[in-house]
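# Breakdown of the fold
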Amino acid sequence: MSTHIMIRTVTADEAEQVCRSITADLPEYFGLPECNEQYAQGVRARTNMCIEVNGTMAGLLSMEFPYPNNANIYWMGIIRSFHRQGLGKSLLKSSVELAKRMGAETMTVETLAPSESDESYMKTYRFYESNGFKPMFHLKPEGYKWDMVYMVKYL
């Protein structure tokens, strides 16, 4: 049987639904219920792209455009059973193409800093790094107990 993969922009309702299903599936990445609720509501106000595999919504990338020349990845996740199949890379590539069409020259993302030595987030950091993102600076948002890293990719 052949695999049918489709990437498309999705509605706010679809984005929220996919975000909730992915956070529930990946507690080692999304283990803070209050943050998960914030993200599930937050994706509703952003531009969202979903990757579907044989009709199953397998991943979501939610981005915002905080500046005319910048696209920022607000949230991204792929359902566990679809990890390591190149879906994240394909979803990111399509999002970069959309961001360019919308005038973005850079794409940014904030993730847990490597100094935190979290195995799951090291995978996240390496994913972004392998897809052309470079660390710009570390930050510690107010109220956060973790160090974060802000990364940029020039489009």
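Notes on the structure in this doc start here. (Residues numbered from 1 in each chain as written. Predicted model: local features only at pLDDT ≥ 70, side-chain atom pairs only at ≥ 80, totals over all residues. Heavy atoms only, no water.)

## Overview of the sheet that holds strand S4 (residues 70-78)
Across the sheet, which stays open at both edges, the 7 strands sit in the order S1-S2-S3-S4-S5-S7-S6 with mixed pairing between neighbours. Two strands close off the open sheet at either side, each with one partner strand: strand S1 (5-9) and strand S6 (134-139). Neighbour-to-neighbour, the strand axes of the sheet open up by a mean angle of 25°, direction not taken into account. In terms of strand pairing, S1 meets strand S2 (residues 47-53) through 5 bridges, oriented antiparallel. When the bridges of S2 are listed, Arg 8 appears paired with Cys 50. (Pairing = 2+ DSSP bridges. Helix = DSSP H or I, 4+ residues; strand = E, 2+ residues; numbered from the N terminus. Axes fitted to C-alpha atoms, helices over the stretch in contact; angles between N-to-C directions.)

## Focus on the nonpolar core
Formed by 43 residues in total, the largest nonpolar core has its most connected members in Ile 22, Leu 60, Met 63, Ile 73, Trp 75, Met 107 and Phe 133. Non-local contacts of Met 63, meaning those with residues more than four positions away in its chain, are made with Arg 46, Thr 47, Met 49, Ala 71, Asn 72, Ile 73, Tyr 74, Ser 95, Leu 98, Ala 99 and Met 107. (Core = buried A, V, L, I, M, F, W, Y, C linked by side-chain atoms within 4.5 Å. Buried < 20%, exposed > 50% of the residue type's maximum accessible area, 1.4 Å probe, protein only. Contact = heavy atoms within 4.5 Å.)

## Here's the deal with the packing of aromatic side chains
What the rule picks out here adds up to 4 aromatic pairs. Centroid distance Tyr 39 to Tyr 74: 5.4 Å. Interplanar angle 70°. Geometry classified as edge-to-face. Here the residue Tyr 39 occupies a position in helix H2 (residues 33-42), and Tyr 74 occupies one in strand S4, the gap between them amounting to 35 residues. Residue classification places Tyr 74 among the buried residues on the basis of a relative accessible area of 16%. Each ring, one from Phe 127 and one from Tyr 128, has its centre 5.3 Å from the other, and the planes form 70°; the classification is edge-to-face. Among the aromatic residues, ring-to-ring pairing joins Phe 127, Tyr 128 and Phe 133 into one connected group. A cation over a ring is seen here: Arg 46 above Tyr 74, with NZ or CZ 3.7 Å from the ring centre. (Phe/Tyr/Trp six-rings, centres within 6.5 Å; stacked < 30°, edge-to-face > 60°. Lys NZ or Arg CZ within 6 Å of the ring centre and 35° of its normal.)

## Structural notes on the pattern of salt bridges
One pass over the structure, following the stated rule, counts 7 salt bridges. The residue Arg 8 makes a salt bridge to Glu 14 at a minimum N-O spacing of 2.9 Å. You can call Glu 14 buried: its relative accessible area is 19%. Arg 20 is the salt-bridge partner of Glu 16, the closest N and O atoms lying 3.0 Å from each other. One end of the pair, Glu 16, and the other, Arg 20, are both in helix H1 (residues 12-25), 4 residues apart, so they sit about a helical turn from each other. Residue Glu 16 is classed as buried on the basis of its relative accessible area of 15%. On the basis of relative accessibility, which here comes to 33%, the residue Arg 20 falls in the partly exposed class. Here the salt bridges do not stand alone but share partners, grouping Asp 13, Glu 16, Arg 20, Glu 37 and Arg 44 into one network. (Salt bridge = Lys/Arg side-chain N within 4 Å of Asp/Glu carboxyl O.)

## Some details on the pairing of strand S5 (residues 106-112)
Of all 7 residues in S5, 6 are buried; the element is thus mostly enclosed. In this view, the connection linking S4 to its parallel neighbour S5 by way of helix H3 (residues 87-101) has right-handed handedness. For S5 and strand S7 (residues 148-154), the ladder comprises 7 bridges, and the chain directions are antiparallel. Each residue of the ladder has a partner; that of Thr 111, found in S7, is Val 149. (Right-handed = clockwise from strand over helix to strand, strands pointing away.)

## A word on H3
The end-to-end C-alpha distance of H3 is 21 Å, a good match for the 21 Å that 15 residues give at a rise of 1.5 Å each. Taken as a whole, H3 has its buried residues at Leu 87, Gly 88, Leu 91, Leu 92, Ser 94, Ser 95, Val 96, Leu 98 and Ala 99. (Expected span 1.5 Å × (residues − 1).)

## A short note on unusual backbone geometry
One non-glycine residue, Asn 54, lies in the positive phi region at around 50°. In this structure, Asn 54 sits in the loop between S2 and strand S3 (56-67). On the accessibility criterion, Asn 54 (38% relative accessible area) is partly exposed. Non-glycine residue Arg 84 carries a positive phi angle of around 65°. Locating Arg 84 in the fold gives a position in the loop between S4 and H3.

From the geometry alone we can't say anything about function, so treat these as descriptive.
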